[in-house]
Structure formats: C-alpha cells, structure tokens
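Structural description and commentary
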Amino acid sequence: MKKSIFITLSLLLCGCGTLNTEKLMSAGVNLATSLTITDAQVAQVCSEYMTYQDQQSVIVPESSPYTQRLNRLISNIKGAEGLNLNFKVYQTDEINAFACGDGSIRVYSGLMDAMSDEEIFAVIGHEIGHLKHADTKNMMKQAYKTAALKDAIGAINPTLEKLTNSQLAAIAVAYKEAQFSQTQEFAADQEAFNICIANNYSPYAMYNALNKLVELAGGNSGSASKVAQMFSTHPDSATRAARMKQTADEYVAQQKQ
C-alpha cells in the first residue's frame, strides 16, 4: 500500500523539476495517516472545522429576526432524536445551508429570505438526514484525505493536537468541493419528508423547497449565482424535486383511502 502511495505521489509532486524527497515522504505519511482516520478523530476535525467556519463567517446575533425565526422553526423538532444539534444563521446573500458531522447546521440568511417557513424546515430536515446517515462525517473523511493527498496542509496529523488555520482552510476547500451521491441525496430527501410529516408540515414541503431552488437557479434576477454553492454540493435538484412530488402525491392519496 505505502509503495503505491509513494509512486502516485511522486507523479503528483515531482513535476518538471527535481523531486523533493522530503516533501514526498511528508505527503506519503500524511496520506497514510488520513487513510486510517478514526471516527473520534473525524469528530474532532468536524468540531475544529466548524469553529474555523464560524470565525470566517458573519453570525447573525440571537436578537436578530433571522435567529428568532430559526429558533421558532427548530423548537421541539421531532425526528432528530439522538443527534446533538446546534444551529446558527450566517449573514450572507448566498442561498445555502449545510451540516457538519459534529451536529452543526448552518442556515444562510439568503436562503431564509428566499424560502417560506415550511421550505426552510424541509431544508433543515434534509441536513438532519445527512447527519443521521453519517454522510457529513464520511464527506469530512474524504475532504481530509483529499487535502492530505494534495499535501496542501503540511504535516497534518489527526491527533489531539489542534489543527492550524492553514490546515483547516485546506480541508474547507476540499469539503466545499465534495458532492453527495444521488443515493445519499434521495435518502436525505426522504428523511426531510418524514420529519416534515412528523412535525405537521405539508408533505409537499421538500418538493416546494427543491422546486424553489430550481426556479431561482433558472431565473435572471441574479439569484442563479446565489444558489451555485448549494447546487455544487446538493446536485440534481430537478430530479429530486420530481421524486419528492411523487412521494407527496402517493402519501396524500394514501391518506384519502
């Protein structure tokens, strides 16, 4: 395994100049370490990553209508049992939301401006779905491996030692560039549907949220660029919207029987 790692890395690092053996050895160690990262270490990386992300972002204060609205939506939420969730609103025009493996969910003010309460709740339910299925932890593992492979973060070592900002920045780039699979998205959408039903929201809430994203992305008002990041990590929104409409239609039909 290590031999193949070094061969691959030599192709990546030697370029057209002289091979930097010390750097090659460092990158090989980093990648070998990342391949064996434990769940506890991933949890640590997630926690440090979210501290870093919060520091890089403008967090809406507790007194803001955005935070008060979010707190009202998540109060006594059913369907998230066993998860240690924490929420914040980022002040930005970008239409997005994301979760991290430590239970953090961040909702952007741009998304809250664009969506109704039930649509926002559905998006939150979708992110909870990714947490319940460990998708976000697995994505963080992959981001860590990607950063280690590129050797962009130096001598990274997932121990109890605190990661540096430069290491976290490299992981952040890899994390933002990662995508969920279609299977993961479908499963998270279904969790959102179930959570909406459990909390007395419309069975069409997730469909409406996805359809709203499709409409915004296809518009000419400048909103298209604001949903770019959400589409990059949550692809195939049109396909998913059609699927969730069918799910909602079938649920409504069953309720009428």
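The model shown is predicted, which means the values in this text are computed figures rather than measured ones.

1. Some points on the pattern of salt bridges
Following the criterion strictly, the structure yields nine salt bridges and no others. The partner of K141 in a salt bridge is D39, and the shortest N-O contact between them spans 3.3 Å. One end of the pair, K141, is in helix α7 (residues 135-150); the other, D39, is in helix α3 (residues 39-56), and 102 residues separate them in sequence. By relative accessible area, K141 is classed as partly exposed at 21%.

2. Comments concerning the confidence of the model for the protein
When pLDDT is averaged across the protein, the result is 81; 75% of the residues are at 70 or more. The least confident element of the protein, judged by mean pLDDT, is helix α1 (residues 2-13) at 36; the most confident is helix α4 (residues 65-74) at 98. In this model residues 1-27 is a low-confidence stretch, pLDDT under 50, and it forms 24 contacts with partners more than four residues away in sequence or in other chains.

3. Some remarks on the environment of R240
Tracing the chain through its elements places R240 in helix α13 (residues 237-256). Residue class for R240 comes out buried when judged on its relative accessible area of 2%. Here the alpha-carbon distance between R240 and N211, two residues 29 residues apart in the chain, equals 9.0 Å.

4. Observations regarding the pairing of strand β3 (residues 104-108)
On a regular strand, each side chain points to the face opposite its neighbour's, so the side chains alternate between the two faces of the sheet. In terms of burial, β3 is a largely internal element, five of the five residues being buried. By the alternation rule, side chains of β3 split into S104, R106 and Y108 and I105 and V107, which are all buried. The sheet contact formed by strand β1 (residues 86-90) and β3 spans five bridges and is parallel. Pairing of V89 across the sheet is with V107, part of β3. Of the pairings in the sheet, the one linking strand β2 (residues 97-99) to β3 comprises three bridges and is antiparallel in character. Paired with F98 across the strands is R106, a residue of β3. As consecutive antiparallel partners, β2 and β3 are separated by four residues, and within that stretch G103 has a phi angle of approximately 100°, a positive value.

5. Topic: the packing of aromatic side chains
On inspection of all chains with the given rule, the structure shows six aromatic pairs. Between Y90 and Y108 the ring centres are 5.7 Å apart and the planes differ by 35°, which places this aromatic pair in the tilted class. Of the two residues, Y90 sits in strand β1 while Y108 sits in strand β3, which places them 18 residues apart along the sequence. You'll find Y90 and Y108 in the same group, each marked buried. Taken together, the aromatic side chains of Y90, F98 and Y108 make up a single cluster linked through ring pairs.

6. A closer look at the sheet that holds β2
Sheet architecture is open: three strands sit in the order β1-β3-β2, paired in mixed fashion. Of all the strands in the sheet, just β1 and β2 have a single pairing partner and so form its edges. On average, adjacent strands in this sheet sit at an angle of 15° to one another, irrespective of strand direction.

7. Re the packing of helix α6 (residues 117-132) against helix α10 (residues 205-217)
Any two packed helices are characterised by the angle at which their axes cross and by the distance between the axes. The geometry of α6 relative to α10 is characterised by a closest axis approach of 8 Å and an angle of 95° between their N-to-C directions. Comparing their axes, α10 and α6 come out roughly perpendicular. Mapping the contact onto sequence places E118, E119, A122, V123 and H126 in α6 and A205, M206, N208, A209 and K212 in α10. Classifying every residue of the contact of α6 with α10 gives five nonpolar, two polar and three charged.

8. Looking at α6
Between the first and last C-alpha of α6 there are 22 Å, a value that for 16 residues agrees with the 22 Å anticipated at 1.5 Å per step. Taking burial as the measure, the 16 residues of α6 include 13 buried ones, the bulk of the element. Just downstream of α6 lies A134, where phi reads positive at about 65°.

9. Details of the nonpolar core
When a protein is soluble and globular, its nonpolar side chains tend to lie buried together. Counting 38 residues, the largest nonpolar core has L70, I105, L111, I124 and I128 as its most contacted members. Filtering out sequence-adjacent residues up to four positions away, I105 remains in contact with L85, N86, F87, K88, F98, A99, I124, E127, I128 and L131. Core analysis: the next-biggest nonpolar cluster, separate from the first, contains 25 residues, V45, Y90, A147 and A170 among them.

About the criteria used
Residues numbered from 1 in each chain as written. Predicted model: local features only at pLDDT ≥ 70, side-chain atom pairs only at ≥ 80, totals over all residues. Heavy atoms only, no water. Salt bridge = Lys/Arg side-chain N within 4 Å of Asp/Glu carboxyl O. Helix = DSSP H or I, 4+ residues; strand = E, 2+ residues; numbered from the N terminus. Buried < 20%, exposed > 50% of the residue type's maximum accessible area, 1.4 Å probe, protein only. pLDDT = per-residue confidence, 0-100. Contact = heavy atoms within 4.5 Å. Pairing = 2+ DSSP bridges. Phe/Tyr/Trp six-rings, centres within 6.5 Å; stacked < 30°, edge-to-face > 60°. Axes fitted to C-alpha atoms, helices over the stretch in contact; angles between N-to-C directions. Parallel < 35°, antiparallel > 145°, perpendicular 65-115°, else oblique. Nonpolar A, V, L, I, M, F, W, Y, C, P; charged D, E, K, R; others polar. Expected span 1.5 Å × (residues − 1). Core = buried A, V, L, I, M, F, W, Y, C linked by side-chain atoms within 4.5 Å.

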